[in-house]
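What follows is each chain in one-letter form.
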Amino acid sequence: MYDLYRIAAAVPSVKVADIAWNTNRILEKMEEAYSYQSAVIAFPELAVTGYSCQDLFFQKTLLRESCQGLSRILAATSGHESAVIVGAPLELRGQLYNAAYVMLDGKLLGVTVKTFLPNYSEFYEKRWFNSADELPVKEIYLSELGISYDPEEVEDYPVPVGSRIIYDLDGKIKFGVEICEDLWAPIAPSAVMALAGAELIVNISASNELIAKREYRRNLVKQSSASHFCTYLYVSAGSGESTQDVIFSGHSLVAENGALLNENRDYIADDYLLIADTDLGKIRSERIRLKSFGDAAAHYRALASGCRFVTESVPQLPESDGSYYILQKHPFIPSTKTRLAKRCSDIFDMQVGGLARRLEITGARPVVGVSGGMDSTLAILVAAKALRKLGRPADDLIAITMPAFGTSDRTYQNSLILIRSLGAEPRIIDIKNACIQHLSDLGHDRETKDITYENTQARERTQILMDYANMHGGLVVGTGDLSELALGWCTYNGDQMCMYGVNASIPKTLVRWMIDTVAETGIFPDSTVVLRDILDTPISPELLPPDENGQITQKTEDSVGPYELHDFFLYYTLRYGYTPKKINFLANRAFKDDYDPETILKWQKMFLRRFFSQQFKRSCMPDGVKVGSVAMSPRGDWRMPSDASVSEWMAELDGIAAAEE
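The following paragraphs examine the structure supplied in this document. (Residues numbered from 1 in each chain as written. Predicted model: local features only at pLDDT ≥ 70, side-chain atom pairs only at ≥ 80, totals over all residues. Heavy atoms only, no water.)

1. Here we look at the sheet that holds strand β4 (residues 95–104)
Moving on, step 1. A sheet is described by the order of its strands in space; here eight strands give the open sequence β8-β9-β5-β4-β3-β2-β1-β16, paired in mixed fashion. Only two strands of the sheet have a single neighbouring strand rather than two, namely β8 (139–141) and β16 (272–279). Going across the sheet, the axis of each strand differs from the next one's by a mean of 30 degrees, ignoring polarity.
Moving on, step 2. Strand contacts of helix α1 (residues 19–35): β1 (4–11), β2 (40–42), β3 (83–92) and β16, with the helix running at about 40 degrees to β16, the strand carrying the most contacts. (Pairing = 2+ DSSP bridges. Helix = DSSP H or I, 4+ residues; strand = E, 2+ residues; numbered from the N terminus. Axes fitted to C-alpha atoms, helices over the stretch in contact; angles between N-to-C directions. Contact = heavy atoms within 4.5 Å.)

Next comes the structure, spelled out in structure tokens:
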């Protein structure tokens, strides 16, 4: 329903050339993988016999028993609508091949044969096996393979054999299989199969271990999944394989479009099952969105046309509940402290670089409206560092604080302290009287705290910033962030407008960590204390008066909902184009300990309503720095009609509410 499927890398213990033992271990791992509702289960290269049989591959006894082992495995798949991929030799027309047998519900769907055979160092596969390119036929009857079956229950049938076979399980999963060295080839079979439509690539391998090879292998698998826009499941022979001249580590991993989903932890291992959930909807979305995939498929159409499809009806193919899928509550924020600090430092450098170049071109001074909140804090930090980068004095920074009806003493004092700590002198322009005069001119009762009352203040501030920039050869640096733009939580031609937006692609959940990183790294040591207090201040537009104790009364998240939810909705809406139902499903998984389903649904509806209705504000947004894969510049990243209807999206969410009732 949500394109989530569970895949398994099964690494059983092995005794070289002991087929009965190996088969029993394979059957045990199959049962374990079935218990996890795995849709695809992959075993290592030549798992039935063991990879290290060497000249024993020429022994009739080994080949005969291998067929018997395959017969038992095939029989054990009956009643299970999960694909099982197991490695074993294939004897065909007087030649041997290194093969992967693909089985499902008692049927042998096909036999994928290894194309590229290593013939160096300790691996001389060409001594024993032939390449798939040398196959004399493209299919062979089950009876010719030496695999036992009951002729009274199963009629003999032809089985596809060869390289570049794509197995299509009812349109739900399309996967191809390659074997070990195939991945290392300049143009791997997986590349061709991906262009032909395979979304999952399975590599059954027997890669030996060497110092630094694990890291190289990991990078190769991750890069292959990224360049092929696919999920890549890699399973390798375990440590019981050989101790003669080489050692095998049982290194298995799953990568999805360049990201590592799971990997076995032990450096040398066997007898384990590695489980991961993959989101094939993400793969399909990326292939549609990034046109280089479609261009490559068209460019290499002749090559991809050599792939063969095996289509199998699998009405009960297991779908995953996503419990083994890595899902970040905060998709814009890296999961480790080290990566987070590096990400924030890199983004800060990008913001600084963009603004510095704009200031260099225009010769302008940066003009920043400073409120004491997080967004304006990040903007002024960027401006101060840009001046430093250009070798210009700190007092070239024009920092203006403009207290009004809702300004608290805490944010006002913090803005003054921050500006001075950066080496500038604050310009203080109290806008209360100007706003009172404007409201009076409008015939508006200023005791009515409505949207006009609030927006008057926002537009007055923007007018002052623009005019002050005119007076002093300045450039107004925007403070609004990505989350505010997505929700339209900004005043049109007020804080929505600037001359250059440094925060335009920074989501609200990341802004906090950006400031924290600046404080931690000591870029502005005199600002550390005030930055910490700003981070502890509630998020507020401060457009309504404080309470009798001077405390902030207007908290943004009370009105529009938690920004962590909105950033989650935003990420999966823009990055992958997921349906509202799928996003709701993922949000309930990610935030199960934080919000109940009703709360998540409530704010998701709010997000969609505002996201659609506020597009007109984004359609005329100024230039800004793009730092990530999700941005909303109307000149490139997000082109949406301002009059688009949200009804279809809301109908999906209404369906969720109706189902719950």
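From this point, the discussion proceeds with the structure in view.
2. Let's talk about helix α14 (residues 508–521)
Moving on, step 1. Given a rise of 1.5 Å per residue, 14 residues ought to cover 20 Å, and the 21 Å separating the end C-alpha atoms of α14 matches this to within 8%.
Moving on, step 2. For α14, the complete set of buried residues consists of Lys508, Thr509, Leu510, Val511, Met514, Ile515, Asp516, Thr517, Val518 and Ala519.
Moving on, step 3. Of the surrounding elements, those touching the buried residues of α14 are α8 (337–362), α9 (374–389), α13 (482–487), α15 (528–535) and α17 (563–574).
Moving on, step 4. Taken from the residues just after α14, Gly522 is the one with a positive phi, measuring 70 degrees. (Expected span 1.5 Å × (residues − 1). Buried < 20%, exposed > 50% of the residue type's maximum accessible area, 1.4 Å probe, protein only.)

3. Observations concerning the pattern of salt bridges
Opposite charge on two side chains allows them to pair when their charged atoms are near.
Moving on, step 1. Under the criterion given, the structure shown has 41 salt bridges.
Moving on, step 2. Across the pair Asp271 and Lys29 runs a salt bridge whose closest N-O atoms are separated by 2.7 Å. Of the two residues, Asp271 sits in the loop between β15 (259–263) and β16 while Lys29 sits in helix α1, which places them 242 residues apart along the sequence.
Moving on, step 3. The shortest N-O distance in the salt bridge between Lys449 and Glu447 comes to 3.6 Å.
Moving on, step 4. According to the relative accessible area criterion, Glu447 is exposed, its value standing at 56%.
Moving on, step 5. A single network of salt bridges, built from pairs that share partners, joins Asp375, Asp481, Glu484 and Lys508. (Salt bridge = Lys/Arg side-chain N within 4 Å of Asp/Glu carboxyl O.)

4. Remarks on a nonpolar patch on the surface
Moving on, step 1. A contiguous nonpolar patch, built from Ile211, Ile247, Tyr267 and Ile268 and spanning about 410 Å² of accessible area, is present on the exposed surface.
Moving on, step 2. Along the chain, Ile211 turns up in the loop between β12 (200–205) and α4 (213–227).
Moving on, step 3. By relative accessible area, Ile211 is classed as exposed at 79%. (Patch = residues over 30% accessible without salt bridge, like charges linked within 9 Å, V, L, I, M, F, W, Y side chains within 5 Å. Areas by Shrake-Rupley, 256 points an atom, 1.4 Å probe, with all protein chains shown as cover.)

Everything listed here is a matter of coordinates, which is why it stays silent on function.
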